[in-house]
Amino acid sequence: MANIEKKDISMHYDFKEIEKNWQDFWAKNQTFKAENNSDKPKYYVLDMFPYPSGAGLHVGHPLGYIASDIYARYKRHKGFNVLHPQGYDSFGLPAEQYAIQTGQHPAVTTAANIKTYRRQLDQLGFSFDWSREVRTSSPEYYKWTQWIFIQIFNSWYNKDTDKAEDVETLIAKFSADGNANVNAVCDDDIESFSAADWKAFSDVKKQEILLQYRLTYLADTEVNWCPALGTVLANDEIVNGVSERGGHPVIRKKMTQWSMRISAYAQRLLDGLNTVDWPQPLKDSQTNWIGRSQGASVVFNVKDHDEKIEVFTIRPDTIFGVSFMTLAPEHELVSKITTEAQKAEVEAYIEATAKRSERDRMADVKTISGAFTGAYAEHPFTKEPIPIWIGDYVLAGYGTGAVMSVPCGDQRDYDFAKHFNIPIPNIFEGVDISEEAYADKDKTVIANSDFLNGLPYKKAMKLAIYELEKLGQGEGKINYRLRDAVFSRQRYWGEPFPVYYVDGMPQMIEKEFLPIALPEVEKYLPTETGEPPLGNAEVWAWDTVTNTVVNNSEINNTTVFPLELNTMPGWAGSSQYFNRYMDPHNENEIFSKEAIDYWQDVDLYIGGSEHATGHLLYSRFWQKFMFDKGLVPKDEFAKKLINQGMITGTSAFVYGFWVAFSHFNSLEDLKVEDKTMAYPVERPFLLLVSKSVYENCVKSEDFTEIEDWVEKKFSGYSNIIDIDKSVSQNTYDIRPIVQHVNVSLVNSSDELNFEDFLKWRQEYSNSVLFQEGKYIVGREVEKMSKSKYNVVNPDAICEEYGADSLRLYEMFLGPLEQSKPWNTAGITGAHGFLKKLWRLYHLGAEGAFAVSEDEPSKDSFKTLHKTIKKVEEDIENFSFNTSVSTFMIAVNELGAQKCNSRNVLEPLAILVSPYAPHIAEELWKQLGHEGSISTVDFPKFEEKYLVESSKEYPVSFNGKMRFKLELPLDLSKDEIEAAVMAHEKTAQQLQGRTPKKVIVVPAGKIINIVG
RNA sequence: GCUCGAGUGGUGGAAUUGGUAGACACGUUGGACUUAAAAUCCAAUGGACAUUAGUCCGUACGGGUUCAAGUCCCGUCUCGAGUACCA
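Going along each chain's sequence as written, the residues are numbered from 1 onward. Just so you know, chain letters begin at A and ligand numbers begin at 1, following the order they were written in. For this predicted model, a pLDDT threshold of at least 70 governs which residues receive local features, and a threshold of 80 or more governs which side-chain atom pairs are given and counted, while totals over whole chains, interfaces and linings are taken from all residues. Just so you know, side-chain values use all the structure's heavy atoms and leave hydrogens and water out.

Chemist: Help me understand the nonpolar core in this model?
Modeler: The definition of a nonpolar core used throughout is a set of buried Ala, Val, Leu, Ile, Met, Phe, Trp, Tyr and Cys residues joined through side-chain atoms within 4.5 Å. Each residue gets one of three labels from its accessible area relative to the maximum for its type: buried under 20%, exposed over 50%, partly exposed in between, using a 1.4 Å probe on protein chains only. Grouped together as the largest cluster of nonpolar side chains are 90 residues, with contacts concentrated most on Trp258, Phe487, Tyr577 and Tyr605. The contact rule is simple, with two residues in contact once any of their heavy atoms fall within 4.5 Å. If sequence neighbours within four positions are ignored, Tyr577 has contacts with Leu46, Asp47, Met48, Phe49, Val134, Tyr141, Tyr605 and His615. Within the second largest apolar cluster, 78 residues are counted, among which are Ile114, Phe128, Leu808 and Val884.

In structure tokens, the structure reads:
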């Protein structure tokens, strides 16, 4: 029986059988298990691990995974010990939202989703080392997330050594000298104290002070509060003023939150970008996010007050152009300095600003508004009074929340001055500022500025700073836009903090008692008193005697204390997973020293660009922290990073189908227009039919046949859509239609009024090009996402064409980094290639396996070796799309050559194996080899097979190619020229003229005759 | 507004240092095989004129450099991504 089965497989390309067999083989033999030591050089290929959503994988997900898998397999062929792990970023909001709605525990849904993901990933034939799988939501994993949090808590940032240090060193400094000489990144408003003061402080006071220095700290911060989600969001979780997930409104609110002092690392995060091979756009956006600006801080004294206003400016050289100052409405000095006369106006303005949401303020940057406080500041040099205004164009959150306004040099200051009739002194030589502010700082010199007169920008900057420092009213300063990252979330489904509170001060739980596992709760919503969901837990208190989590009722604040109710944000778990993969089952350490010393860092990281300012920035921060603590050997975790493009949903029209919508109720209502057709039924619905069906059936009004045909053609997709079910009160839920035609419409709004639908239909018809009734070309579409109902699921494709076809096809679609629309139609090309490949090895009777042991022809060797060369270059350059065409060319050529030789077909199977591993394994086995092809040496390119004695030269006249001429390669330039000039076609082209010049580029490049 | 990226057939895309523009694939058209369909194979396929060679035009648009430009330079337009009162 086994023989018959085997023979069966060898007869035709039975991808289902082949793929299943080899997937089982790999799993059984743990083919891709990586060892933490090896004589081979190491190579670490990492994918951004997925969040296991309920929708499962769509065809866009695997793109990056396929690319990294090809690279990982290639590196194995090249003799590397490859680490290629996969896992799940399994904490997150959707599971929690689902839990809120259904009461289903997020762990249950998450486990179910992971199961689906695993099945789908397995079916694509990835060479993951599943023995190293991690899940951020499993206690064995988040034990170490909690552990890192504790390490961060126990650290401060020493600016003198420019690294994180243990708080013990800080305490030592305090005990010796107080905090006067401590150069730390810490909170702004820290009182100074002496060593004696420090010793005299109470324990709680000491903890309070230390908290202001720790790298993670509790603070009352203004946060982005999303009432609908009941949680705080990070800046990068907000898009256009609403939450990224769900699109709910977000407001500003003060809360006590854990924060990470990422700002301490601003400069190093910036510098590190120069040491990694990451895409420039991604580096740019991180650079932009960190937002370094170099300038000076300037201190202005307030007249008749004992107050000072500190501002940050990048143009201290324009200090003599200051004609007013502007404070953010929220600035703390506003209430102190506002005069009685201005009080009413200022308060009214503050109230009006507070009412405007952040979103309104952002959307409306044109309206100029502000109010005069009545107070004046004193110019540091001229001692002239400067009116102090407030205005909402100054942001409380950036710099000091105050600016020195130089209307002649800044457009916003200029507009403000114009609007309120404030003088606009000109300090630029020979520049007209009557219309707008002068912005080109490099091209002029300073005037009307006392000691700065006549100086160009750079010199003026230096001198201004020098003079300010002499006065004690300023200094050179670098400012960063990067804010500390809020680390608390009011959610259930996240890592609990290993923290309990004594006298309101946070205490860390010892490492040996970790993990602190998530407690069970009745409800996943915030409590009635507004506490986070963990406030619902009954067993959620820390007993310091037994070192266990106990019931809340036992809290006595002497031995049993309340635990932290917040959980960690989504990026906590994803900031350390790449290191944990190196030693994922270590129970005593986050990873062993041997493991991290061996694997070092990620060599290739592939994932989406949407993580540029989230995950990728935070992970770099944690890595640098761990580097400072001597835990990791590299301060950047990934050497090379590639952003794979998105696969977008695509239109149905690429099939060449006709689209029609109908709500006609009878045949009489049916009006077949010229280009579209409608289909009469009792209910409204949407139908796609092909041109031929249209012609054959519609014209004959044989509608049953259409229905059958559509059913058959679209099996695997939902086909004829019954939108009647979603009709209520003239509102049509268009989502099924969107899903059906695989096109995304009208801003993805979930529901559409029928009127609007008709309008859409009109617009949509207009955007469709009808070319002589042949083609219908669709419009652009969006990212595949569940909410847009334009998802193409890989299961159906695997079923119909197999994983190898899908892998090849996704690579063939275009450059990896580029976004591209999904179009199932083209997959037959990739599938056809595999069939042709199979046939090369199966030229025996009735398609039986048969290769010859004969020496292949010269041409076949040439085909093979140029393919080796090209494919190797392409993989190294991550140009996977072109290597797929190279394979196609090779197979086409070998087919034409009737090449059947083992000496060509064996190396060919290895070449193909990273791309289409299943078929390659099967062919390898049929070629008589034992075991997996995956670690066989990559074929060696040999130049000698490509050496030629002659080459076809393109011959052009005045740059236009006219004919080709075969010439020996060993001819000299003169000989080539002579040969060309002697050619009859040359004479024909010249028609008696004498050429002015003949350009010969040897080695078969080109010959150009100028005449 | 600012920053970055991109515009090539009906479609996705090739052309890696300036050297045959449109590889490869899809789609389309015609043909072979078949009762038929599927599958497979063969041929054609940037446009226009000529249908035997051949000629002209073509890489968003307008200039320029060069023997030679999709590629380099200057200007313009369009699209996409990111960011947004950042002082």
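There is more to say, and it comes next.
Chemist: Just to check I follow, could you spell out the pattern of salt bridges for this structure?
Modeler: Close approach of charged atoms lets side chains of opposite charge pair. Each reported salt bridge corresponds to a side-chain nitrogen of Lys or Arg within 4 Å of a carboxyl oxygen of Asp or Glu. Applying the stated criterion across every chain yields a total of 34 salt bridges. One salt bridge in this structure joins Asp69 and Arg73, with 2.9 Å as the shortest N-O distance. Taken together, the residues span about one helical turn, with Asp69 and Arg73 both in helix α3 (residues 62–77) at a distance of 4 residues. A salt bridge links Arg807 to Asp69; its shortest N-O distance comes to 2.7 Å. Taken together, the residues Arg807 in helix α26 (residues 803–812) and Asp69 in helix α3 connect sequence positions 738 residues apart. Each member of the pair, Arg807 together with Asp69, is buried. Helix and strand definitions follow DSSP, with helices as H or I runs of at least four residues and strands as E runs of at least two, each counted in order from the N terminus.

Chemist: Before we go on, may I ask you to explain the environment of Gly931 in this structure?
Modeler: Assignment of secondary structure puts Gly931 in the loop between α31 (917–926) and β36 (950–957). The spatial distance from the C-alpha of Gly931 to the C-alpha of Phe25 is 9.2 Å, given a sequence separation of 906 residues.

Chemist: Teacher, can you tell me more about the sheet that holds strand β25 (residues 638–643) here?
Modeler: By definition, the strands of a sheet pair up through backbone hydrogen bonds, in either a parallel or an antiparallel sense. Here a strand pair is declared whenever DSSP counts at least two bridges between the two strands. Spatially, the 4 strands line up as an open sheet ordered β2-β1-β24-β25, and their pairing is parallel. Because the sheet does not close on itself, it has two edges, and the strands there are β2 (81–83) and β25. In this sheet, adjacent strand axes meet at a mean angle of 20° when their direction is disregarded. Pairing between strand β1 (residues 42–47) and strand β24 (residues 602–607): 3 bridges, direction parallel. Looking at β24, one finds that Leu46 is bridged to Tyr605. Angles run from 0 to 180 degrees between N-to-C directions of axes, and those axes are lines fitted to C-alpha atoms, restricted for helices to the stretch in contact.

Chemist: Where do I start with the packing of aromatic side chains in this structure?
Modeler: What characterises a pair of aromatic rings is the spacing of the ring centres plus the angle enclosed by the ring planes. We call Phe, Tyr and Trp rings a pair once their centres come within 6.5 Å, taking the six-membered ring for Trp, and we label the pair stacked below 30 degrees between planes, edge-to-face above 60, and tilted otherwise. Scanning the model with the defined rule gives 63 aromatic pairs in all. Taking 5.9 Å as the distance between ring centres and 55° as the angle between the ring planes, the aromatic pair formed by Tyr13 and Phe15 counts as tilted. The class of Tyr13 is buried, set by a relative accessible area of 10%. Assessed through its relative accessible area of 12%, Phe15 is described here as buried. Consider the rings of Phe174 and Tyr213, whose centres lie 5.3 Å apart with planes at 70°: the pair is edge-to-face. Within this pair, whereas Phe174 is found in helix α7 (residues 167–177), its partner Tyr213 is found in the loop between α9 (203–211) and β6 (216–226), the two being separated by 39 residues in sequence. Pair check on accessibility: Phe174 and Tyr213 agree, each one buried. An aromatic cluster is defined as three or more aromatic residues linked by ring pairs; in this entry it consists of Tyr43, Tyr71, Tyr74, Phe80, Phe833, Phe878, Phe880, Phe887, Tyr915 and Phe938. Over the ring of Phe201 we find Lys205; its NZ or CZ atom is 5.4 Å from the centre of that ring. In this scheme, Lys NZ or Arg CZ marks a charge over a ring once it lies within 6 Å of the ring centre and within 35 degrees of the ring normal. Its end group placed over the ring of Trp289, Arg481 keeps NZ or CZ at 5.1 Å from the ring centre.

Chemist: For this particular structure, what's the right way to read unusual backbone geometry?
Modeler: Glycine aside, residues mostly have negative phi angles, and peptide bonds mostly take the trans form. The peptide bond linking Leu514 to Pro515 adopts the cis configuration, its omega dihedral lying at -5°. Here Pro515 is to be found in the loop between β20 (505–508) and β21 (541–543). Phi angles above zero are rare outside glycine, and Phe878 is one such case at about 55°. By the element assignment, Phe878 lies in the loop between α28 (858–876) and α29 (880–896). Positioned with a positive phi, Lys898 is a non-glycine residue whose angle comes to about 55°. By the element assignment, Lys898 lies in the loop between α29 and α30 (902–912). A relative accessible area of 68% places Lys898 in the exposed class.

Chemist: Can you help me understand the confidence of the model for chain A in this one?
Modeler: Detailed reading of the predicted model is not advised wherever pLDDT is low. Within a predicted model, pLDDT stands for the predictor's per-residue confidence, ranging from 0 to 100. Per-residue pLDDT for chain A averages 79, and the proportion of residues at 70 or more is 81%. Taken together, the stretch residues 1–10 has pLDDT below 50 and engages in 13 contacts with residues farther than four places along the chain or on a different chain. For residues 650–790, every residue scores under 50 in pLDDT, and the model assigns this stretch 232 contacts once sequence neighbours within four places are set aside.

Chemist: I tried to follow the protein's contact with RNA strand B on my own but got confused; where do I start?
Modeler: It suffices for a single heavy atom of a residue to lie within 4 Å of a molecule or strand for the residue to be listed as near it. Among the 52 residues in the neighbourhood of RNA strand B, the closest are listed as Ile314, Arg412, Leu813, Gln818 and Lys870. A distance of 3.4 Å separates a base nitrogen of RNA strand B from a polar atom in the side chain of Asp392. Residue Tyr398 places a side-chain N or O atom 3.0 Å away from a phosphate oxygen belonging to RNA strand B. By residue number, the principal contributor to the surface near RNA strand B is α29, which donates 6 residues. Only Asp, Glu, Lys and Arg are considered charged in this grouping, and only Ala, Val, Leu, Ile, Met, Phe, Trp, Tyr, Cys and Pro are considered nonpolar; every other residue, Gly among them, is considered polar. Classifying every residue of the surface near RNA strand B by side-chain character gives 21 nonpolar, 14 polar and 17 charged. In the analysis that follows, any N or O atom pair within 3.5 Å is treated as a polar contact, provided that within protein one partner can donate a hydrogen and the other can accept it, and provided that, for residues neighboring in sequence, both atoms belong to side chains.

Chemist: Whenever I open this one, the packing of α26 against helix α27 (residues 827–841) confuses me. Can you help?
Modeler: When two helices pack together, you describe them by how their axes are tilted relative to each other and by the distance separating the axes. It is the contact of α26 with α27, at a shortest axis distance of 8 Å, that shows an interaxial angle of 120°. Classified by the angle their axes make, α26 and α27 are oblique. The chirality of how α26 crosses α27 is right-handed. Contact residues: α26 offers Asp804, Ser805, Leu806, Leu808 and Tyr809, while α27 offers Ile827, Ala830, His831, Phe833 and Leu834. For the contact of α26 with α27, a count of residues per class yields 7 nonpolar, 2 polar and 1 charged. By the definition adopted for this analysis, an angle is roughly parallel if under 35 degrees, roughly antiparallel if over 145, roughly perpendicular if from 65 to 115, and oblique otherwise. Should the near helix be turned counterclockwise from the far one by less than a right angle, the crossing is left-handed, whereas a clockwise turn marks it as right-handed.

Chemist: Explain helix α5 (residues 106–123) here, please?
Modeler: Residues that lie three or four places apart on an α-helix share one face, since the helix turns once every 3.6 residues. Take the number of residues in a helix, subtract one, and multiply by 1.5 Å to get its expected span. The terminal C-alpha atoms of α5 lie 26 Å apart, and with 18 residues this matches the ideal 26 Å at 1.5 Å per residue to within 8%. Among the residues making up α5, those that are buried are Pro106, Thr109, Thr110, Asn113, Ile114, Tyr117, Gln120, Leu121 and Gln123. Against α2 (15–29), α3, α4 (93–102), α25 (794–801) and α26 lie the buried residues of α5. Once α5 finishes, Gly125 follows within two positions and takes phi at roughly 75°, a positive value.

Chemist: Which parts of the structure should I look at to understand the sheet that holds strand β22 (residues 548–550)?
Modeler: Strands sit in the order β22-β21-β23 across an open sheet of 3 strands; the sheet is antiparallel. Every other strand in the sheet has two partners, leaving β22 and β23 (560–562) as the edge strands with one partner each. Between one strand axis and the next, the sheet turns by 40° as a mean value, whatever way the strands run. Bridging between β21 and β22 involves 3 bridges; their strand directions are antiparallel. Counterpart to Trp542 in the pairing with β22 is Val549.

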